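# Breakdown of the fold
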Amino acid sequence: MGKEASLVCTPTGFPISRTSWFRNGQPLALNKRYNLTTNPNGLNISPIIKDDEGMYQCFAYNEWDMAQAVAELQLGDAVPELTYSFSEQTTQPGPPISLKCVANGNPPPQFTWSLDGFPIPDSSRFLVGQYVTVDDDVVSHVNISSIKEEDGGEYTCTAKNSVEKISHSARINVYGSPFIRLMPKITAVAGNDLVIKCPVAGYPIESITWERDGSILPINRRQRVYNNGTLIIEQAQRGTDAGTYTCQAQNRQKHTSRRDVQVEILLPPKILPIQALTNVLREGMRAAISCQVLEGDLPLSFQWQRNDKDDLGFGVAVRRLDEYSSSLVIEKVESSHSANYTCIAQNIAGSESFTVPLTVNVPPRWTMEPSDTNVVLGFDVMLHCQAEGYPEPTILWRKAPIGCLDAVEEEAGEPSRQFLREWTLEEEEKQNVVEEDDREESSSNERSEEGRPVDIEEMEDIVNDKKGGRLYGRRGPLDCTKLSAASAGGAMSR
């Protein structure tokens, strides 16, 4: 909202006699916010208000026909924007005061008010309210009847919606002696900056100081004190920064006011590092992941996640051991339990998480085994093979050691496969078909190009007859077995 939108309508055809626009089925009246554009042809809306949301139709006419196009204008979420805010005032005690802030946004924001960083005093003299106008502006106000000197200070209105928040602050000065309102106990998280605003009223104020154990702050480099009464302690530490602090305000007449505030430093959880459970578990074993908190204020809560989701799956149990630890137990590990398990420890100060990878070693098992295959002479053949397990199995293919299937190509992919291409006698002659370390006697049946069984002697004749020539166009495996030196008879050796 408050921005600009353009809807483009470009009709085709000739000639175009006129165009018109409708919104939500009603003719759109052009005004200072709705303007027609010519390059490109369309409708410009500026500034956008909530009522502009809806369906827009563009109609184009000529003598012979009419055409239309439809577009929807949706208003997205918008950050709050302050359109009005109160200003600093100085007044005497007694009269009523009204402070107002106005904001818009989508969704409409909600207002909260504070005085010197603390909630508005719970008093019948203070009335806080808000309402929404017909233009979707949110108006919020603080009315103070018969203002007193103790009501002075820095007032802040904060408008917040689901997108963002925006604040405005200004002082209301009430003439009178220094006055410091009560401060509730302040809690801070160890390691974060601690900011305390001294709630000083009265006007004028000459100085505001902070003390601890009788010493004027700052006493170290982590402490900073500002003229408006703000104390900042960087990277607060429980052992050195927790305790009682005193704020003192003084005017020119040396009138003073003092007020103590208790500061408590909270410790967020810190998880003991957990060893990864990788390559140590097999199916059927038991597994346990223990999550222990080394430090952190009680009470502590624990939560477990599997792969960043709350569903831990079947067979997984969580056991609370004591106030500081929790354990995830799997009674019988299966391959499906392999995942990243996260322990989340949380308390009032914050949370911490630690993720443990767990893997289950699974022996290889076939999911697709190669099978005997018949192939027509002259066609390609493909053998498939797939396995699963953890770690992921490596699939290797082996061929017969006699040189029958030298021309084997291995192709990557799932499942693993072997592609048998054309085999030629010329390639046969380039290999040593008798391996010295793998000699054992066996029998072999081969089929000739006519498809009939042949013995070794016949194969020898075929080889001898073809030696010196090239045999092309023959595809597919010949089922070879290893030959001993005796059975080969030297026929296949070089």
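Preceding this paragraph is the structure being described.
This is a predicted model, so every value here is computed, not measured.

It is worth spelling out unusual backbone geometry at this point. For the peptide bond that leads from F14 to P15, omega is -5 degrees, which places it in the cis range. Secondary-structure assignment places P15 in the loop between strand 1 (5-8) and strand 2 (18-23). In the segment running from Y390 into P391, the intervening peptide bond is cis, with an omega of -5 degrees. Mapped onto the elements of the fold, P391 is located in the loop between strand 35 (381-390) and strand 36 (408-411). One non-glycine residue, D136, lies in the positive phi region at around 65 degrees. Along the chain, D136 turns up in the loop between strand 13 (126-132) and strand 14 (138-144). Residue class for D136 comes out buried when judged on its relative accessible area of 17%. Residues other than glycine seldom take positive phi values, yet D308 does so here, at roughly 70 degrees.

So, about the sheet that holds strand 32 (residues 325-330). Pairing is antiparallel in the open sheet, where four strands are placed in the order 27-29-32-31. Both edges of this open sheet fall to strand 27 (270-271) and strand 31 (316-322), since each of them pairs with a single strand only. Where strand 29 (residues 287-295) and strand 32 come together, six bridges link them in antiparallel fashion. By the bridge assignment, Q292 is partnered in strand 32 with S325.

Among the nonpolar cores identified, the biggest contains 24 residues, and I289, L328, I330, Y341 and L358 are the most heavily contacted of them. When contributions to this core are tallied by element, the ones reaching two or more residues are strand 28 (277-282), strand 29, strand 30 (301-306), strand 32, strand 33 (339-347) and strand 34 (350-368). Filtering out sequence-adjacent residues up to four positions away, L328 remains in contact with A287, A288, I289, W304, L312, V316, A317 and Y341. Membership of the second largest hydrophobic core comes to 21 residues, among which are A188, I196, I208 and W210.

Basis of the calculations
Residues numbered from 1 in each chain as written. Predicted model: local features only at pLDDT ≥ 70, side-chain atom pairs only at ≥ 80, totals over all residues. Heavy atoms only, no water. Helix = DSSP H or I, 4+ residues; strand = E, 2+ residues; numbered from the N terminus. Buried < 20%, exposed > 50% of the residue type's maximum accessible area, 1.4 Å probe, protein only. Pairing = 2+ DSSP bridges. Core = buried A, V, L, I, M, F, W, Y, C linked by side-chain atoms within 4.5 Å. Contact = heavy atoms within 4.5 Å.

From the geometry alone we can't say anything about function, so treat these as descriptive.
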